[in-house]
Amino acid sequence: MKLTAHFFLLNDHFSPEYAEANHGGKESENNPLYEWEDEMEVSQGLKEIEVLRDGTFNLAGEMPDGEPFDCPVEKMFLLALKMENGQVGYFGVSESILDSYTLEGDEKHQVLKVYIKDYEPLANPMPGVFIASKEFPKALIF
């Protein structure tokens, strides 16, 4: 199975009225619908996709001094990517900044679209993971 994931940061200042009056309802250079879009693809070894709401994501890695860390981040919208080799990867967004999502397709190709609210700062500690600043682990802020 193949998965194409699109993450969109909504532009809180987008004006549907301006778009309708001046551009046939479409966004324009001065009135963009999204601040940015991030696209990723999982094209090999993907066996199953599972949507988890209000899940916990374990953010793990190493500090600059080499000390390992493993911090749970709660209240996450998670997409568990179950691989043929038994490993599980994740895409995730804090529930507090998740506007909406769609997951469509068939058994060969799924397309995920995630829309993120832009009224709160967020961190992107790794590709496909977006954590609201107020929910980022305090132990990793220095």
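About the thresholds
Chains are numbered independently. Their residues run from 1 in the order of the written sequence. At least 70 in pLDDT is required for a residue's local features to be given in this predicted model, at least 80 for side-chain atom pairs to be given and counted, and no such filter applies to totals for whole chains, interfaces and linings, which use all residues. With hydrogens and water excluded, all non-hydrogen atoms of the structure serve as input to the side-chain values. Helix and strand definitions here come from DSSP, where helices need a minimum of 4 consecutive H or I residues and strands a minimum of 2 consecutive E residues; each element is numbered from the N-terminal end. Exposed residues in this analysis have more than 50% of their type's maximum accessible area, buried residues have under 20%, and partly exposed residues fall in between, with area computed by a 1.4 Å probe over protein chains only. For this analysis, residues touch if any pair of their heavy atoms sits within 4.5 Å. Centres within 6.5 Å make a pair out of two Phe, Tyr or Trp rings, where for Trp the six-membered ring is used; the pair is then stacked when the planes are under 30 degrees apart, edge-to-face when over 60, and tilted otherwise. Each salt bridge in this description consists of a side-chain nitrogen of Lys or Arg and a carboxyl oxygen of Asp or Glu lying within 4 Å of one another. Paired strands, as defined in this entry, are two strands with at least two bridges between them according to DSSP. The axes used here are C-alpha line fits, helices contributing only the stretch in contact, and every angle between their N-to-C directions lies in the interval 0 to 180 degrees.

Asker: Can you lay out the environment of E48 for me, pointing to particular residues and giving the numbers?
Answerer: In this fold, E48 is placed in strand β3 (residues 46–62). E48 gets classed as partly exposed once you look at its relative accessible area, which sits at 37%. When the C-alpha atoms of E48 and K2 are compared, they prove to be 9.8 Å apart, with 46 residues separating the residues in sequence. Once residues lying within four places of it in the same chain are set aside, the contact partners of E48 are M1, A80, L81 and K82.

Asker: Could you give an account of the packing of aromatic side chains, naming the residues involved and the relevant values?
Answerer: Applying the stated criterion to the full structure yields eight aromatic pairs. On the numbers, 4.6 Å between centres and 35 degrees between planes, the contact of F8 with Y34 is tilted. Linking F8 in strand β1 (residues 2–10) with Y34 in strand β2 (residues 34–42), this pair joins segments that are 26 residues apart in sequence. The exposure class of F8 is buried, given its relative accessible area of 8%.

Asker: Which residues make up the pattern of salt bridges, and what values do they have?
Answerer: On inspection of all chains with the given rule, the structure shows four salt bridges. The partner of K82 in a salt bridge is E50, and the shortest N-O contact between them spans 2.7 Å. With K82 in strand β4 (residues 68–83) and E50 in strand β3, this pair connects stretches of sequence that are 32 residues apart. On the accessibility criterion, K82 (24% relative accessible area) is partly exposed. You can call E50 partly exposed: its relative accessible area is 30%.

Asker: Break down the pairing of strand β9 (residues 129–132) for me, citing the residues and quoting the values.
Answerer: Here β9 shows no split at all, with V129 and I131 on one side and F130 and A132 on the other all buried. Pairing of strand β5 (residues 88–94) with β9 involves two bridges; the strand directions are parallel. Residue pairing for β9: G92 is matched across the bridge by V129. Relative to β9, strand β8 (residues 122–126) runs antiparallel, the two being bridged by three bridges. Looking at β9, one finds that L122 is bridged to A132.

Asker: Give me the lowdown on the sheet that holds β8, citing residues and values where you can.
Answerer: Read across the open sheet, the five strands follow the order β3-β4-β5-β9-β8; overall the sheet is mixed. Edge positions in the open sheet fall to β3 and β8, since each of these has one partner strand only. This sheet shows a mean twist of 40 degrees between the axes of neighbouring strands, independent of strand direction. In the sheet, β3 pairs with β4 via 13 bridges, with the strands oriented antiparallel. Bridged to L59 within β4 is C71.

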